[in-house]
Amino acid sequence: MSESHYKTTEMQVILKLRTLQKSLPPFVTELFRGLSDYTSARTRLGYAYDLKTFFTYLSEEVCHKDIKSFTLEDLANITVDDIEGFMDYLTYYLKQKKEETSTSEVIVKNEAMGKSRKLAAIRTMFKYFYGKRKLPANPAELVGFPKVREKVITTLESNEIALLLELVESGDKLTDQQKQYHQHTKVRDVALITLLLGTGLRVSECIGLNLQDINFETEVLKITRKGGDEALLYFGQEVSEALQAYFILRKEMKPKVGHEDAFFLSMQNRRITDRAVQKMVKKYAELVTTLKKISPHKLRSTFGTQLYKETQDIYLVANILGHADVNTTRKHYAKMDDEHRRRAANAVKLRKD
């Protein structure tokens, strides 16, 4: 992601956060202002959505008052039982869904991960105001996180990577209608998926690339990581060839106003979106494997897995993937370490055959 695109995206998130804050208790604005120096706007927006769910529950089930009229005095009266009741409520609850001409109710379900995320937002709020001595106690600290099942990392095997790239290039197995679009997007799709598989970029970093962010002579990308830090990322020959093939076509395109610098364009000549990339990867991947749900993030995991297998260097993998904490990387690839240790157990023969 280029710095300019990052700043534009950050601005849009902040504006969305400000709009959402208007539906929350006034004191929440102070919370987000206090968190702004050490959290991203996207993190605060996530907190806002989760706190909106929490205050909706309190409004309907506990305090029976309008959300915007909540005060810190009301928050001080919230107990451990209230928060645990909310955690139980999250398993299944009804939510109003506004349509263009009507309103309907939908059932929302939360697994352990969703519950943990919402509890983290609540804990952050109570910890902040307790630390500011505006609350006499911190009941949220006494509520434990639900046990989250460890997810198996889903990646593509080497043969599946080759099949995927061949399919994107040839368009085989696509429907007749899909093949019509494929004629126009093939070179771009090959470049995009090759880039994701060959560098481990996040989707946001990939779609945020500008024309001036790619140096084909030195084979290096300039990207903006999560949090706004700039980084230089090197790419190999296969990635270079795919990008250059698309670059030739890209120079002939006429982008819409405001999208002139974007490297990857949609068929409408606008910067391609996160959702479009998600749908594109899913379309091709489902034709390669029906047993694995492959997303752009799974392509990133595939790159990390392949790199770790080749280098056995967890610090290098963490650095290239842009993980702020190497323990995040170590947690993801710990099972691969177990495989190597198991193999090592049989490497030394005590008796010769």
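Up top is the structure these notes are about.
Here goes a summary of the coordinates provided. Everything quoted here is computed from the prediction, not taken from an experiment.

Considerations on the overall build of the protein chain
On a plain count of helices and strands, the protein chain comes out with 14 helices and five strands. Among the 353 residues that make up the protein chain, the fraction classed as buried is 42%. Excluding contacts between residues fewer than 6 apart, the proportion of contacts in the protein chain whose partners are at least 24 apart in sequence is 59%. Per element, the accessible surface of the protein chain, about 21,300 Å² overall, is 50% carbon and sulfur.

What about the side chain of Arg-202?
Take Arg-202: it is sitting in the loop between helix H8 (176-199) and helix H9 (203-207). The buried category is assigned to Arg-202, whose relative accessible area is 15%. If we ignore the near neighbours within four places in the chain, the residues touching Arg-202 are Arg-225, Lys-226, Arg-300, Leu-321, Gly-322 and His-323.

Some words on the environment of Thr-273
Tracing the backbone shows Thr-273 in the loop between helix H10 (237-250) and helix H11 (274-285). By relative accessible area, Thr-273 is classed as partly exposed at 42%.

Considerations on unusual backbone geometry
The backbone of Arg-133 shows a phi angle near 60°, a positive value even though the residue is not glycine. Mapped onto the fold, Arg-133 is located in the loop between helix H6 (112-131) and helix H7 (158-170). Overall, Arg-133 belongs to the exposed group, its relative accessible area being 77%. One non-glycine residue, Lys-173, lies in the positive phi region at around 75°. For Lys-173, the position within the fold is in the loop between H7 and H8. Using a relative accessible area of 61% as the deciding quantity, one classes Lys-173 as exposed.

As for the environment of Ile-320
As for its placement among the helices and strands, Ile-320 is situated in helix H13 (residues 314-321). Those residues in contact with Ile-320 that lie beyond four places of it in its chain are Thr-199, Arg-225, Leu-233, Phe-303 and Leu-307.

Remarks on the packing of helix H2 (residues 27-35) against H6
Packing of H2 against H6 leaves a shortest axis separation of 10 Å and a crossing angle of 90°. On the basis of the axis angle, H2 is roughly perpendicular to H6. Every residue of H6 that contacts H2 at Phe-27, Glu-30, Leu-31, Gly-34 and Leu-35 is listed here: Thr-124, Met-125, Tyr-128 and Phe-129. Class assignment for the residues of the contact of H2 with H6 results in six nonpolar, two polar and one charged.

Details of the packing of aromatic side chains
Taken as a whole, this structure holds 16 aromatic pairs when the rule is applied. A centroid spacing of 5.5 Å and a plane angle of 45° characterise the contact between Phe-216 and Phe-247, whose relative ring orientation is tilted. Highlighted residues: Phe-216 in the loop between strand E3 (214-215) and strand E4 (220-224) and Phe-247 in helix H10, separated in sequence by 31 residues. Given a relative accessible area of 23%, Phe-247 falls into the partly exposed group. With a centroid separation of 5.4 Å and 20° between ring planes, the pair formed by Tyr-246 and Phe-264 is classed as stacked.

Considerations on the pattern of salt bridges
Across all of its chains, the model carries nine salt bridges by this definition. Linking Lys-134 and Glu-30 is a salt bridge whose minimum nitrogen-to-oxygen distance equals 2.9 Å. Linking Lys-134 in the loop between H6 and H7 with Glu-30 in helix H2, this pair joins segments that are 104 residues apart in sequence. What you see here is one network of salt bridges that share partners, running through Asp-50, Arg-117 and Lys-118.

Focus: helix H5 (residues 80-89)
Of the residues making up H5, those classed as buried are Asp-82, Ile-83, Phe-86, Met-87 and Tyr-89. The buried residues of H5 occupy an angular sector of 160° when projected down its axis, which confines them to one face. With respect to the buried face of H5, the exposed residues turned more than 90 degrees away are Asp-81 and Asp-88.

Re a nonpolar patch on the surface
Residues Tyr-92, Leu-94 and Ile-107 make up a contiguous nonpolar surface patch of roughly 360 Å² in combined accessible area. Along the chain, Ile-107 falls in strand E2 (residues 103-109). When its relative accessible area of 64% is taken as the criterion, Ile-107 is described as exposed.

Focus: the sheet that holds E3
The pairing of strands in a sheet comes from backbone hydrogen bonds and takes either a parallel or an antiparallel form. Judged by pairing direction, the sheet is antiparallel, and its three strands sit side by side in the order E3-E4-E5 without closing on themselves. Every other strand in the sheet has two partners, leaving E3 and strand E5 (230-234) as the edge strands with one partner each. Sheet topology note: the E3/E4 ladder contains two bridges and is antiparallel. Among the inter-strand pairings, Ile-214 is bridged to a residue of E4, identified as Leu-221.

Topic: the nonpolar core
Counting 49 residues, the largest nonpolar core has Ile-193, Leu-195, Leu-209, Leu-221, Leu-243, Phe-264 and Leu-299 as its most contacted members. Of all the elements in the fold, those that place two or more residues in this core are H7, H8, H9, E4, H10, H11, helix H12 (296-311) and H13. Leu-24, Phe-32, Tyr-47 and Leu-51 belong to the second largest nonpolar core, which has 40 residues in total.

Quick word on the pairing of E4
Burial analysis of E4 places four of its five residues in the buried class, which makes it a mostly covered element. In terms of strand pairing, E4 meets E5 through five bridges, oriented antiparallel. Looking across to E5, one finds that Ile-223 is bridged to Ala-231.

What counts, and at which threshold
Residues numbered from 1 in each chain as written. Predicted model: local features only at pLDDT ≥ 70, side-chain atom pairs only at ≥ 80, totals over all residues. Heavy atoms only, no water. Helix = DSSP H or I, 4+ residues; strand = E, 2+ residues; numbered from the N terminus. Buried < 20%, exposed > 50% of the residue type's maximum accessible area, 1.4 Å probe, protein only. Contact = heavy atoms within 4.5 Å. Areas by Shrake-Rupley, 256 points an atom, 1.4 Å probe, with all protein chains shown as cover. Axes fitted to C-alpha atoms, helices over the stretch in contact; angles between N-to-C directions. Parallel < 35°, antiparallel > 145°, perpendicular 65-115°, else oblique. Nonpolar A, V, L, I, M, F, W, Y, C, P; charged D, E, K, R; others polar. Phe/Tyr/Trp six-rings, centres within 6.5 Å; stacked < 30°, edge-to-face > 60°. Salt bridge = Lys/Arg side-chain N within 4 Å of Asp/Glu carboxyl O. Arc of directions from axis to C-beta. Patch = residues over 30% accessible without salt bridge, like charges linked within 9 Å, V, L, I, M, F, W, Y side chains within 5 Å. Pairing = 2+ DSSP bridges. Core = buried A, V, L, I, M, F, W, Y, C linked by side-chain atoms within 4.5 Å.

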